Amino acid sequence: MPIKRLTADERAAALADLPEWESVEGKRDAIVRHFAFADFAEAFAFMTHVAMLAEKADHHPEWSNVYNRVDIVLTTHDAGGLSTRDVALAHAIDAIVE
């Protein structure tokens, strides 16, 4: 079954429920969140935890890490933009840090 891209209303509702995430600037239909940790080890531990969640969900983020900072971008390439898979993974990631 194909994954569907969120409608504008679904996207707005999802972002309202994910206050730490924001739309990616430009033409991409994606969301991003920036994280800062005490040091590299803490950032890497967080990334490891997210990697395990993502693998279990078979939905993998785009991310970057510089020392204690981690930036995560979520989008569903098969859907051409934001989907319920991204929203679910964003909530799972939020649960790790809150």
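Residues numbered from 1 in each chain as written. Predicted model: local features only at pLDDT ≥ 70, side-chain atom pairs only at ≥ 80, totals over all residues. Heavy atoms only, no water.

Engineer: In this structure, what is going on with the pattern of salt bridges? I would like to understand it.
Structural biologist: A side chain with one charge may pair with a side chain of the opposite charge, provided their charged atoms come close. For the coordinates displayed, the defined rule picks out 5 salt bridges. The partner of D29 in a salt bridge is R5, and the shortest N-O contact between them spans 2.8 Å. Of this pair, D29 sits in the loop between β1 (22-23) and β2 (31-36) while R5 sits in the segment before α1 (8-16), and the two are 24 residues apart along the sequence. E98 is paired through a salt bridge with R33; the nearest N and O atoms lie 3.8 Å apart. In this pair, E98 sits in the segment after α3 (84-97) while R33 sits in strand β2, placing the two residues 65 residues apart along the sequence. Residues joined by salt bridges that share partners form a network here, namely R5, R11 and D29. (Salt bridge = Lys/Arg side-chain N within 4 Å of Asp/Glu carboxyl O. Helix = DSSP H or I, 4+ residues; strand = E, 2+ residues; numbered from the N terminus.)

Engineer: When you look at the nonpolar core in this model, what are you seeing that I'm missing?
Structural biologist: Core analysis: the biggest nonpolar cluster contains 21 residues, and W21, I31, F35, F46, V70, I72 and I93 have the highest contact counts within it. Those elements that place two or more of their residues in this core are α1, β2, α2 (40-57), β4 (69-74) and α3. At 5 residues, the largest contribution of residues to this core is made by α2. Every residue in contact with W21, bar those within four places of it in the chain, is listed here: L15, I31, V32, R33, F35, I72, L74, A90, I93 and D94. (Core = buried A, V, L, I, M, F, W, Y, C linked by side-chain atoms within 4.5 Å. Buried < 20%, exposed > 50% of the residue type's maximum accessible area, 1.4 Å probe, protein only. Contact = heavy atoms within 4.5 Å.)

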